[in-house]
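Notes for the structure review
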Amino acid sequence: MSKQPELQNKTKISRRAFVKWSAAATATAAIAPSLVGCSTQTQASGEPAVVQAGQRLAGAEEKPSICWHNCGGRCQLKAYVKDGVVVRFGTDNVGPDTPEDLQARACLKGRTQRQRLYHPDRLKYPMKRVGERGSGEWARISWEEAFDTTAKELRRIIDQYGNESVYFNYACGAYGLLNQTNSNNSLRRLLNIMGGYLQSYGNYSQANYMYAVPYMFGNPYSGSSPTTFPDAKLIVMFGDNPACTRVGGFNSTYYLKLAKQNGARIIVIDPRHSDTVSTFADQWIPIRPTTDSALVAGMAYVMISEGLHDQAFLDKYCLGFDEEHMPEGIPAGNSYKSYILGESDGKPKTPEWASEITGIPVETIKQLARDIAGTKPGFILQGRGIQRHGNGEFQSLAVPVLSFMTGNVGILGSNPGLYEGGPSVKTGNYPIGTNPIKTKISIFMWTDAIERILTKEQDRIEGADKTKSTIKMIINYGGNTLINQHSDSGRTAALLKDDSKCEFILGMDNFMTPSMQYCDIVLPGVTQFEVNDMITRSMGHGVAYYGQKLVEPMFECKTINEVGRALAERLGVLAQFDDGKSEEDYLREFVGVSQASHPDFPSYEEFREKGIYKTKATKVVAYEKFIKDPEANPLTTPSGKFEIFSKDLYDIQNPQIPAIPKYMPTEEGPEDPLKEKYPLQCIGHHTKRRVHSTFDNMPWLEEAEAQMLWMNPQDAAARGLKDHDMIKVYNDRGTVKVKVKVTPRLIPGVCSLPQGAWYTPDQSGVDVRGCINTLTKWTPNPLSKGNPQHTNLVQIEKA
Ligand SMILES: Nc1nc2c(c(=O)[nH]1)N[C@H]1C(S)=C(S)[C@@H](COP(=O)(O)OP(=O)(O)OC[C@H]3O[C@@H](n4cnc5c(=O)[nH]c(N)nc54)[C@H](O)[C@@H]3O)O[C@H]1N2
Ligand SMILES: Nc1nc2c(c(=O)[nH]1)N[C@H]1C(S)=C(S)[C@@H](COP(=O)(O)OP(=O)(O)OC[C@H]3O[C@@H](n4cnc5c(=O)[nH]c(N)nc54)[C@H](O)[C@@H]3O)O[C@H]1N2
Ligand code: SF4
Ligand SMILES: [Mo]
């Protein structure tokens, strides 16, 4: 029986999502009325559009669905299906929608999914390349041929080069438990049965943070939940833009709004006047990218010289703040305080010093230090933007020092400078078995691993002293890091073009993306709307979703499980691969795990019908136990305390790797002499109109926010540029042609080209779509070997 379509409820339709999006968007640019105005516009007939839509939907069946891409959100979609066609996507509109029990409402991208599902450019059948790799010449083939060729190549490459020559590229397109692109999927299961594959550590999101933070916090390390924002009197966000990124879950900005209503002051430190700034902030502190640790040092100087810091907290819970609290055997002058006071290098880190580096006025730095020290509880946190830099490890480690110096840890409304954390719903995982290969490379270094053998000493590979082979085969399922999302797309393309290096690349996606262009065989994959699957999400609430199959797989699309099985059969390992379970059996098993951990988890049938299970919102206060009783609950660091000084880092004895969170000028940072040639720092923020490169080809979203480079009016004037002019952005690695958005919402000397646009080189190699990775570099960071993709110097001129 059909249910009442959400759209017939005029007042309820996406009101808050509308407000969220439009509040965020109005400050940015006028938003296309067709996107947001569906509840208010009047059609030519005189009928409000929503009524017309409602009539069109009459008789449609409502089915729970999911948005499974890798933004921080993961929301429920509600599909309206009529005669086998999805006629509309709505979202969660059930439940009290209170702070304790919020609706998991989708953003505009989720509501655009119909355009993605029915896009005319969907990959429709398997193809093989017939020209040079990357030439764009393809021939349609049968699934049989695709499976035969892939199985043959896999067998040949393993026999010839060993299992370590096979690699899965990072790929975060889909997070379904049965169709997972980045971890547990059937191809990994198959490879494990076949003897394994080269592993990786880290990711593109937060590699620098992940590698560095355990030196200070031990493991696990996780911040307080966004549900505690309303308990803070002050919220200080470093390079965090949840209004667009939803990194704290679908709900984090809601709790930010509650905090604001409760009178909390919200300060955002960001070179850009982001949508989070325009929507929530009381104060915007624009900063030069890569210099946050200098800002923290300048504030530490003010706190120390004015006696504002919490010495008792530092004495009790921290190692390395001052000379009195250092590990044994470390020479004098290595503590953080010595660094701040200039006792080790003769350079006191005064606000004047910090101002020179960060571009923030001296008085602002002083006042900010006093405000943070004088307001408790303070929720001090960072986004992932500050660490996707050449010195990202030490940017990440600097922010927590502010929490330590002000005692803002372990109390309700506080946060130790980390990302937000929160509870999650426990579920099962698709079983992939164990990988016999233990060698792991940094995820950012796969291009190097095609070119040469990597070593523990130079490249920090784990599990072995060196790799046994270069990478000879790549599986790229639901990811665009093969070309688009990895650095220096032009260089990567040239590397892959030479098929004597990486000999075989298998791709599976929904579209012919720039990465698919560099595969040898391309397989058409289903979307989440063509399968039954589950996803989960944490932060404040734990949430689990069930997405029902809405339509039959389009064209010749298949699932990854069908591919894994067919290959297993051809490779003669079907007996090991097949554990006799159907997809439904797995889903029931996952639900069983959830039921065992969450007593109120519904039955499988009920969950499948409702599509959503939420834990009640809980308030997680990070490190509460440790603060209450540090002796009984020591951290897993060597000292059991927060380590502002790390002896492990000290022992590395590398001048690029400090043992305390110093400001480290970095290659292509604001102090690089290369600035004379390329004077602008170019970052690439995550935009609300895409999830990375996913949705780049959606016309509705391009209409809402066209791909443009952000630039300050001063920099534009100096180059004779007007808003919307076509420009050339370039450095030694490449050139991008794109329109410019001239806006005071970014400081002079910095520009931002939103990451994720599809790399589209013209005949001369100039990217004409606006892909920032045309301009970024392969060089990994010194400690983490992670990605510095926000650290780039460029020049700009009129095209
Ligand atoms: N310069 C620069 N580069 C960056 C970043 C940056 O800030 N600056 N950010 C980095 C970060 S944080 C990340 S996480 C990575 C992300 O990089 P990727 O993991 O490559 O993410 P996407 O670009 O979204 O690519 C996902 C692909 O999966 C496909 N896909 C989506 N859904 C499905 C599905 O259901 N089935 C199949 N088969 N395919 C599907 C999409 O079409 C898309 O091609 O990029 C990194 N790259
Ligand atoms: N809509 C949307 N949401 C997403 C994604 C997406 O692509 N689109 N991607 C998802 C994924 S996988 C990830 S990892 C996260 C990424 O989330 P983040 O990494 O937090 O996102 P960014 O936009 O890279 O950076 C956040 C902010 O930091 C600022 N920033 C850059 N450099 C600096 C700096 O040196 N100092 C300071 N203080 N600020 C700086 C940027 O201007 C930006 O406003 O978002 C997730 N959510
Ligand atoms: S893109 Fe992210 S925030 Fe938007 S609907 Fe999908 S999961 Fe939710
Ligand atoms: Mo990410």
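Bear in mind that the values here come from a model prediction, so they are computed numbers and not experimental data. Positions within a chain are numbered from 1, following the residues in the order the chain's sequence is written. Chains carry letters from A onward and ligands carry numbers from 1 onward, assigned in written order. Confidence filtering applies because this is a predicted model: local features only for residues at pLDDT of at least 70, side-chain atom pairs given and counted only at 80 or more, and all residues used for totals across whole chains, interfaces and linings. To get the side-chain values, all heavy atoms of the structure are used, and hydrogens and water are removed first.

Looking at the domain arrangement of the chain
- The assigned domain composition of the chain is domain 1 (128-203 + 434-531 + 560-575), domain 2 (208-418 + 622-648) and domain 3 (673-776).
- At the junction of the two partners, domain 2 supplies 16 residues and domain 3 supplies 12 residues.
- Counting each side, the surface lost to burial between domain 2 and domain 3 is near 1,100 Å², with a carbon and sulfur contribution of 57%.
- A carboxyl oxygen of Asp or Glu within 4 Å of a side-chain nitrogen of Lys or Arg is what we treat as a salt bridge. Across the contact surface, domain 2 and domain 3 share 2 salt bridges.
- Arg 745 serves as the salt-bridge partner of Asp 275, at 3.0 Å between the closest nitrogen and oxygen.
- Polar contacts, as counted here, are pairs of nitrogen or oxygen atoms within 3.5 Å of one another; within protein the pair requires one atom able to donate a hydrogen and one able to accept it, and residues that are adjacent in sequence qualify only if both atoms are side-chain atoms. One can count 7 residue pairs in polar contact (both at pLDDT 80 or more) joining domain 2 with domain 3.
- What counts as a helix is a DSSP run of H or I of at least four residues, what counts as a strand is a run of E of at least two, and both are numbered from the N terminus. Secondary-structure elements contributing two or more residues to the side of domain 2 that touches domain 3 are helix H9 (242-245) and helix H11 (275-280). Where each domain begins and ends follows an automated or database-derived domain assignment. By definition in these notes, contact holds between two residues if any of their heavy atoms fall within 4.5 Å. Once two parts are put together, the accessible area they lose, assessed with a 1.4 Å probe and summed over both, is termed the buried area.

Re the site of ligand 3
- Every residue lining ligand 3 is accounted for by Cys 67, Cys 71, Arg 74, Cys 75, Ala 106, Cys 107, Lys 109, Gly 110, Arg 246 and Val 691.
- Under the scheme applied, nonpolar residues are Ala, Val, Leu, Ile, Met, Phe, Trp, Tyr, Cys and Pro; charged residues are Asp, Glu, Lys and Arg; polar residues are all the others, including Gly. Among the residues making up the shell around ligand 3, the classes are represented as 6 nonpolar, 1 polar and 3 charged. Distances are taken per atom, and a residue is near a molecule or strand as soon as one of its heavy atoms is within 4 Å of it.

Remarks on the pattern of salt bridges
- Inspection of every chain in the model, using the stated rule, returns 50 salt bridges.
- Measuring nitrogen to oxygen at the nearest pair gives 3.4 Å for the salt bridge that ties Glu 552 to Lys 549.
- Residue classification places Glu 552 among the exposed residues on the basis of a relative accessible area of 56%.
- Ionic pairing is found between Glu 702 and Arg 769, a salt bridge with its closest N-O pair at 3.0 Å. Residue Glu 702 is located in helix H27 (residues 699-704), and its partner Arg 769 is located in the loop between strand S26 (750-752) and strand S27 (793-798); the two are separated by 67 residues in the primary sequence.
- By sharing partners, the salt bridges in this structure join Arg 689, Arg 690, Asp 696, Glu 702 and Arg 769 into a single network. Burial classes: relative accessible area under 20% of the type maximum marks a residue as buried, over 50% as exposed, and values in between as partly exposed (1.4 Å probe, protein chains only).

A short note on the packing of helix H12 (residues 292-305) against helix H15 (residues 351-358)
- Two elements in contact, H12 and H15, have axes whose closest approach is 8 Å; the angle formed by their N-to-C orientations is 165°. Classified by the angle their axes make, H12 and H15 are roughly antiparallel. In terms of crossing hand, the pair formed by H12 and H15 is left-handed. Here H12 contributes Ala 294, Leu 295, Ala 297, Gly 298, Tyr 301 and Val 302 to the contact with H15, which in turn contributes Pro 351, Trp 353, Ala 354, Ile 357 and Thr 358.
- Tallied by class, the residues present in the contact of H12 with H15 amount to 9 nonpolar, 2 polar and no charged. Between N-to-C directions, angles span 0 to 180 degrees; the directions come from axes that are lines fitted to C-alpha atoms, helices contributing only their stretch in contact. Roughly parallel covers angles under 35 degrees, roughly antiparallel covers those over 145, roughly perpendicular covers 65 to 115, and oblique covers all other angles. Whether a crossing is left-handed or right-handed is set by the direction in which the near helix is turned from the far one by less than a right angle, anticlockwise for left-handed and clockwise for right-handed.

So, the site of ligand 2
- Neighbouring residues of ligand 2: 35 residues in total, closest Thr 245, Asp 270, Asp 292, Arg 690 and His 692.
- One nitrogen or oxygen atom from the main chain of Arg 384 is found 2.9 Å from an oxygen atom belonging to ligand 2.
- Between ligand 2 and the protein, one listed contact pairs a nitrogen atom with a backbone N or O atom of Arg 690 at 2.7 Å.
- Using a 1.4 Å probe, accessible areas were evaluated by the Shrake-Rupley method; residue-level cover was limited to the displayed protein chains. Notes on ligand 2: free accessible area 900 Å², of which the protein chains cover 98%.
- Its residues placed into classes, the shell around ligand 2 shows 10 nonpolar, 17 polar and 8 charged.
- Counting only domains with at least three residues in the shell around ligand 2, you end up with domain 2 (208-418 + 622-648) and domain 3 (673-776).

Quick notes on the UniProt feature "domain: 4Fe-4S Mo/W bis-MGD-type" (unreviewed entry) in the chain
- Following the UniProt record, one finds the feature "domain: 4Fe-4S Mo/W bis-MGD-type" (unreviewed entry) at residues 60-121.
- Note that residues 60-121 is 15% helix and 32% strand, and that its end C-alpha atoms are spaced 26 Å apart. UniProt positions are given in the numbering used here, feature names are shortened, and annotations may be inferred rather than shown by experiment.

Considering the sheet that holds strand S3 (residues 85-91)
- The antiparallel open sheet is built from 3 strands, whose spatial order is S1-S2-S3. For this open sheet the edge positions go to strand S1 (61-66) and S3, each flanked by a neighbour on one side alone. Within the sheet, the average angular offset between the axes of one strand and its neighbour, ignoring direction, is 35°. In this analysis, strands are considered paired if DSSP registers two or more bridges between them.

Comments concerning the side chain of Glu 643
- Following the sequence through the fold, Glu 643 ends up in strand S21 (residues 642-643).
- Comment: no salt bridge for buried Glu 643; closest opposite-charge side chain is Lys 641, at 9.3 Å.
- Ignoring anything within four residues of it in the chain, the contact list for Glu 643 reads Tyr 215, Met 216, Leu 319, Thr 637 and Pro 638. Counting rule applied: Lys, Arg positive; Asp, Glu negative; His and chain ends not counted.

What about the packing of H12 against helix H16 (residues 362-374)?
- The N-to-C vectors of H12 and H16 enclose an angle of 70°; their axes lie 9 Å apart at closest approach. Here H12 is positioned roughly perpendicular relative to H16, judged by the angle of their axes. For the crossing formed where H12 meets H16, the hand is right-handed. Taking contact as the criterion, the partners of Leu 295, Gly 298, Met 299, Val 302 and Met 303 in H12 are, on H16, Ile 365, Lys 366, Leu 368, Ala 369, Arg 370, Ile 372 and Ala 373.
- Its residues assigned to classes, the contact of H12 with H16 comprises 9 nonpolar, 1 polar and 2 charged.

A look at unusual backbone geometry
- Following Asn 219, the chain continues into Pro 220 via a peptide bond in cis, with omega recorded as -5°.
- Of the consecutive residues Lys 376 and Pro 377, the connecting peptide bond is found in the cis state with omega at -5°.
- Although it is not a glycine, Arg 74 adopts a positive phi angle of roughly 60°.
- Mapped onto the elements of the fold, Arg 74 is located in the loop between S1 and strand S2 (76-82).
- What makes Arg 74 buried here is its relative accessible area of 8%.
- Its identity is not glycine, yet Asp 488 carries a phi of approximately 45°, on the positive side.
- Among the structural elements, Asp 488 can be located in the loop between strand S15 (473-477) and helix H20 (489-497).

Considerations on the pairing of S27
- Where strand S22 (residues 680-683) and S27 come together, 2 bridges link them in antiparallel fashion. Bridging from a neighbouring strand, Leu 680 pairs with Val 794 of S27.

With respect to the pairing of strand S12 (residues 378-382)
- In terms of residue burial, S12 counts as a mostly covered element, since 5 of its 5 residues are buried.
- Side chains of S12 alternate between two faces, with Gly 378, Ile 380 and Gln 382 and Phe 379 and Leu 381 buried alike.
- Where strand S8 (residues 234-238) meets S12, 5 bridges bridge the pair, whose relative direction is parallel. Residue pairing in the sheet places Met 237 in a bridge with Leu 381 of S12.
- Strand direction decides the pairing type here: S12 and strand S13 (residues 415-416), joined by 2 bridges, are parallel. Within the sheet, the bridge partner assigned to Ile 380 lies in S13 and is Pro 416.

Digging into the nonpolar core
- Buried Ala, Val, Leu, Ile, Met, Phe, Trp, Tyr and Cys residues that are joined via side-chain atoms within 4.5 Å together make up what is termed a nonpolar core. Core analysis: the largest hydrophobic core is formed by 71 residues, its most contacted members being Phe 238, Tyr 336, Phe 404, Tyr 623 and Phe 642.
- Among the elements that take part in this core, H12 stands out by supplying 9 residues, more than any other.
- Counting residues in each nonpolar core, the second largest holds 47 residues, with Leu 190, Tyr 197, Tyr 430 and Ile 432 among its members.

Topic: the packing of aromatic side chains
- Ring geometry is summarised as follows: Phe, Tyr and Trp rings, the Trp one being its six-membered ring, pair when their centres sit within 6.5 Å, and such pairs are stacked at plane angles under 30 degrees, edge-to-face over 60 and tilted between the two. In the structure shown here, the tally under the stated rule is 29 aromatic pairs.
- Here the aromatic rings of Phe 217 and Tyr 623 are separated by 5.5 Å at their centres, their planes lie at 40°, and the arrangement is tilted. Of this pair, Phe 217 sits in helix H8 (residues 207-217) while Tyr 623 sits in the loop between strand S20 (612-614) and helix H25 (624-628), placing them 406 residues apart in sequence.
- With relative accessibility at 1%, the residue Phe 217 sits in the buried group.
- A residue is classified by how much of its surface remains accessible, and Tyr 623, at 13% relative accessible area, is buried.
- Taking 4.5 Å as the distance between ring centres and 20° as the angle between the ring planes, the aromatic pair formed by Phe 404 and Phe 642 counts as stacked.

Brief notes about helix H17 (residues 392-405)
- With 14 residues, H17 extends 21 Å from end C-alpha to end C-alpha; this agrees with the ideal 20 Å at 1.5 Å per step.
- Buried residues dominate H17, accounting for 14 of its 14 residues.
- Just downstream of H17 lies Gly 407, where phi reads positive at about 65°. To estimate the expected span of a helix, count its residues, drop one, and scale the result by 1.5 Å.

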